[in-house]
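What follows is each chain in one-letter form.
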Amino acid sequence: MYKFKFYTSFLLMLFFFSCGQNPFTGKSTLALVPNSQILPMSFQQYNKVLEESKVIKEGDQAQMIQRVGLKIANASERWLAANGYPNYTDNYKWEFSLIEGDQVNAWAMPGGKVAFYTGILPIAKNEAGVAAIMGHEVAHALANHGQQRMSAGQLQQAAGAVGMLAIGDDQQSQEIFATAYGIGSQVGVMLPFSRKHETEADKIGLNLMAIAGYDPDEAAELWMRMKENSDGAGPPPFLSTHPSNDERIRNLQNWSSQAKKEAAKFGVNSFQN
Ligand SMILES: [Zn+2]
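Residues numbered from 1 in each chain as written. Predicted model: local features only at pLDDT ≥ 70, side-chain atom pairs only at ≥ 80, totals over all residues. Heavy atoms only, no water.

Turning next to the overall build of the protein chain. From N to C terminus, the protein chain includes 10 helices and 8 strands. With 273 residues in all, the protein chain has 53% of them scored as buried. By sequence separation, contacts in the protein chain at least 24 residues apart represent 74% of the contacts at least 6 residues apart. As presented, the protein chain carries roughly 12700 Å² of accessible surface, and 52% of it is formed by carbon and sulfur atoms. (Helix = DSSP H or I, 4+ residues; strand = E, 2+ residues; numbered from the N terminus. Buried < 20%, exposed > 50% of the residue type's maximum accessible area, 1.4 Å probe, protein only. Contact = heavy atoms within 4.5 Å. Areas by Shrake-Rupley, 256 points an atom, 1.4 Å probe, with all protein chains shown as cover.)

Encoded structure:
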């Protein structure tokens, strides 16, 4: 059980002591909630989702999710080590689950906790498509995008008349957490991250999939299939802060050859689909 409660003043104190550098962008990011708080909560939330879901543990599809996940995790660690962050994922407990469900969805939580829903597999189409999604979601988790959203959500709560802020096993915290990590929202339909974070995750994810040995050209193809699947039913442009499907596809096409060059630095010169 994880049932700590903190007073707002204590939390606000923590806020100011945990600015860190994002190893992926080299920019300093405002990490308002430290990993020591985030990871236990992440692991707890992940287990809760698994308990409430039908997890597929056997068969070709489950094996594929495992295989791609381990390769993306390995690529992440090699890339981080090569860029001067060899211990970045020390407290990670990588886990890749396939959940039975129609939703076109996949997500990754901090600490390497990843879930794919069976509904996304027809759109992923092949293993490289799965790798493109996995790379993108893992990139969000590694770059602490959710943490930044969670912090913003908590700050909003703190700024309100709440007075006391609880982190832990209560409904409110779980809602903040779920919102921060986009659990339950659909990839390509209701993207939970900002435009900047989406673009960042696309770029990092492309490198990760290439280093893992998957053809980065497939990422643009994947988003074309996402576009077809959403059938033009995305949010109206004035409401959406996310890159449009067309912009995203163009970017991924442009960045693909650079991702292959990045992979070559790790001795990876051939790419599978
Ligand atoms: Zn995303």
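Bringing helix H5 (residues 127-142) into the picture now. The end-to-end C-alpha separation of H5 is 22 Å, in line with the 22 Å expected for 16 residues at 1.5 Å each. Most of H5 is tucked away, with 16 of its 16 residues classed as buried. Positive phi shows up at Asn144, right after H5, with a value of about 60°. (Expected span 1.5 Å × (residues − 1).)

This paragraph deals with the packing of helix H9 (residues 217-230) against helix H10 (residues 245-264). Axis separation between H9 and H10 bottoms out at 7 Å; the angle between their running directions is 165°. Comparing the axis directions of H9 and H10 gives the class roughly antiparallel. Of the two possible hands of crossing, H9 and H10 adopt the one that is right-handed. Contact residues: H9 offers Asp217, Ala219, Ala220, Trp223, Met224, Lys227 and Ser230, while H10 offers Asn245, Asp246, Arg248, Ile249, Leu252, Gln253, Ser256 and Lys260. Residue composition of the contact of H9 with H10, by class: 6 nonpolar, 4 polar and 5 charged. (Axes fitted to C-alpha atoms, helices over the stretch in contact; angles between N-to-C directions. Parallel < 35°, antiparallel > 145°, perpendicular 65-115°, else oblique. Left-handed = near helix turned anticlockwise from the far one by under 90°. Nonpolar A, V, L, I, M, F, W, Y, C, P; charged D, E, K, R; others polar.)

In regular strands, side chains alternate between the two faces of the sheet. Burial within strand E7 (residues 113-117) is extensive, with 5 of its 5 residues counted as buried. Bridging between strand E5 (residues 95-99) and E7 involves 5 bridges; their strand directions are parallel. The partner of Glu95 across the bridge, within E7, is Lys113. Here strand E6 (residues 106-109) runs beside E7; their pairing, made up of 4 bridges, is antiparallel. The residue of E7 that forms the bridge with Trp107 is Ala115. (Pairing = 2+ DSSP bridges.)

Along the chain, the position of Asp215 falls in the loop between helix H8 (195-211) and H9. Overall, the relative accessible area of 15% leaves Asp215 in the buried class. Excluding anything up to four places from it in sequence, Asp215 contacts Ala128, Met209, Lys260, Phe271, Gln272 and Asn273.

In an ideal tetrahedron of four donors about a metal, each angle is 109.5 degrees. In an ideal octahedron of six donors, the angles are 90 or 180 degrees. Bound to the zinc ion on the protein side are His136 (NE2), His140 (NE2), Glu198 (OE) and Glu198 (OE), at distances that span 2.1 to 2.5 Å. Each of the 4 donor atoms bound to the zinc ion contributes to angles spanning 54 to 134°, and the resulting shape is irregular. Sequence positions of the residues that donate to the zinc ion give the spacing H-x3-H-x57-E. With a gap of 62 residues between them, His136 in helix H5 and Glu198 in helix H8 connect regions that are remote in the sequence. Of the residues examined, His136 reaches a relative accessible area of 5% and is grouped as buried. (Donors = N, O, S within 2.8 Å, 3.2 Å for Na, K, Ca; no water. Tetrahedral: all angles 85-135°; square planar, octahedral: opposite > 155°, others 65-115°.)

A side chain of one charge can pair with a side chain of the opposite charge if their charged atoms are brought near each other. By the definition in use, this model includes 12 salt bridges. In this structure, the salt-bridge partner of Arg248 is Asp202, at a minimum N-O distance of 2.7 Å. Residue Arg248 is located in helix H10, and its partner Asp202 is located in helix H8; the two are separated by 46 residues in the primary sequence. There is no split in this pair, since Arg248 and Asp202 are both buried. (Salt bridge = Lys/Arg side-chain N within 4 Å of Asp/Glu carboxyl O.)

Glancing now at the confidence of the model for the protein chain. Residue-level pLDDT values for the protein chain average 77, and 66% of them are 70 or greater. Per-element averaging of pLDDT across the protein chain places strand E8 (residues 164-165) at the bottom with 32 and strand E4 (residues 55-56) at the top with 98. Every residue in residues 155-169 is under pLDDT 50, and counting partners more than four places away or in other chains gives 38 contacts. Every residue in residues 184-191 is under pLDDT 50, and counting partners more than four places away or in other chains gives 22 contacts. (pLDDT = per-residue confidence, 0-100.)

Attention shifts here to the pairing of E5. Within E5, 4 of the 5 residues are buried, which leaves it mostly tucked inside the rest of the structure. Pairing analysis gives 2 bridges linking E4 to E5, with the strands arranged antiparallel. The residue of E5 that forms the bridge with Ile56 is Leu98.

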